[in-house]
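Coordinate analysis (summary)
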Amino acid sequence: MGFYITGTRRGLGKVLAWKFGNTGSMRHCDVFINCKHNDFDQVDMLYQAHEAGVKRIINIGSNSPDETKRDPHIYAVQKAALDAANDQLFYQGVNTTNIRFGWFDSERVAHVDAKKLDMDYCAEVVQWVVDQPHRIKDITVCI
């Protein structure tokens, strides 16, 4: 099974690429893990994966506000757009899942004083979703 994972330079994407490997191309993957947040690019990438015929799509959403951005409210809007796009495609029969994690222990949020999910645990959650025989629309995991 081939995986294409975005956002692999650091954080959860790096952990997932180490765990699953990374084909480096959406055209050569069975599972696309949409991990890199960059404005509304995750929404665009979700639709691209669907159009490319990827069999399994996993989006890394969010259940926590992002205090690291200049305007924290736009982050929530961008992740809400990802939720809505995931819902739309799921109800059209696409095998797409949105995993909304709370804070996880990455260098990007090292300054946040809150309990955080372990990155290896987050990777296990992704593995669990991959292993399911049925479609899962979304899942939220927080401490």
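This text gives an overview of the structure that appears in the document. Residue numbering note: each chain is counted from 1, following its sequence as written. Restriction of local features to residues with pLDDT of at least 70 applies here, the model being predicted, together with a cutoff of 80 or more for giving and counting side-chain atom pairs; totals for whole chains, interfaces and linings are based on all residues. Only hydrogens and water are set aside; all other atoms, that is, all heavy atoms of the structure, feed into the side-chain values.

Brief notes about the nonpolar core
Put simply, the rule reads: Think of a nonpolar core as a cluster: buried Ala, Val, Leu, Ile, Met, Phe, Trp, Tyr and Cys residues, connected wherever their side-chain atoms sit within 4.5 Å. Here the term buried applies to any residue with accessible area under 20% of the maximum for its type, exposed to any over 50%, and partly exposed to those in between, with areas from a 1.4 Å probe on protein chains only. Secondary structure follows DSSP: runs of H or I at least 4 residues long count as helices, runs of E at least 2 residues long count as strands, and numbering of each begins at the N terminus. Contacts were defined at the residue level, with two residues in contact if any of their heavy atoms lie within 4.5 Å.
Leu 12, Leu 16, Ile 33, Ile 58, Ile 60, Phe 101 and Val 126 are the most contacted members of the largest nonpolar core, which has 24 residues in total. Of the residues forming this core, the biggest block, seven residues, is contributed by helix α4 (residues 119-131). When near neighbours in sequence (up to four residues on either side) are disregarded, Ile 58 contacts Val 31, Phe 32, Ile 33, Asn 34, Thr 97, Ile 99, Val 126, Val 129 and Val 130. Ranked by size, the runner-up nonpolar core spans 14 residues in total, among them Phe 32, Leu 82, Ala 85 and Val 94.

Focus on the sheet that holds strand β1 (residues 3-5)
Filter applied, for reference: Paired strands, as defined in this entry, are two strands with at least two bridges between them according to DSSP. To get an axis, a line is fitted to the C-alpha atoms, and for a helix only the part in contact is used. The angle between two axes follows their N-to-C directions and goes from 0 to 180 degrees.
A sheet is described by the order of its strands in space; here five strands give the open sequence β1-β2-β3-β4-β5, paired in parallel fashion. Edge positions in the sheet fall to β1 and β5 (138-141), since each of these pairs with one other strand and no more. Strand-to-strand twist in this sheet, taken as the mean axis angle between neighbours without regard to direction, amounts to 15°. With six bridges joining them, strand β3 (residues 56-62) and strand β4 (residues 96-101) adopt parallel strand pairing. Bridge pairing in β4 links Ile 60 to Ile 99. Of the strands in this sheet, β1, β2 (31-34), β3 and β4 are in contact with helix α1 (residues 11-20), which crosses β1 at around 165°.

Concerning α1
For α1, the tally of buried residues reaches seven of 10 residues, placing the bulk of the element in the interior. Those residues of α1 lying buried are Gly 11, Leu 12, Gly 13, Val 15, Leu 16, Ala 17 and Phe 20. For α1, the elements touching its buried residues are β1, β2, β3, β4 and α4. Where α1 ends, the next residue or the one after it, Gly 21, has phi of about 80°, a positive value.

Thoughts on the pairing of β3
Put simply, the rule reads: The path from the first strand over the helix to the second decides the hand: if it runs clockwise while the strands point away from the viewer, the crossover is right-handed.
By the criterion of burial, β3 is predominantly enclosed, with seven of the seven residues buried. Residues Arg 56, Ile 58, Ile 60 and Ser 62 of β3 are buried on one face, and the alternating residues Ile 57, Asn 59 and Gly 61, pointing to the opposite face, are buried as well. Sheet topology note: the β2/β3 ladder contains four bridges and is parallel. By the bridge assignment for β3, Ile 33 is matched with Ile 58. In this fold, the crossover linking β2 to β3 by way of helix α2 (residues 41-51) has right-handed handedness.

A word on the pattern of salt bridges
Heads up, the condition is: Counted as salt bridges are all cases of a side-chain nitrogen of Lys or Arg within 4 Å of a carboxyl oxygen of Asp or Glu.
If you walk through the whole model with that rule in mind, you get five salt bridges. Across the salt bridge formed by Lys 137 and Asp 87, the nearest N and O atoms sit 3.2 Å from each other. Residue Lys 137 is located in the loop between α4 and β5, and its partner Asp 87 is located in helix α3 (residues 72-91); the two are separated by 50 residues in the primary sequence. One salt bridge in this structure joins Asp 138 and Arg 100, with 4.0 Å as the shortest N-O distance. One end of the pair, Asp 138, is in strand β5; the other, Arg 100, is in strand β4, with 38 residues separating them in the sequence. Judged by relative accessible area, which is 28%, Asp 138 ranks as partly exposed. Note on Arg 100: relative accessible area 16%, which makes it buried. Through salt bridges that share partners, Asp 83, Asp 87, Arg 100, Lys 137 and Asp 138 make up one connected network.

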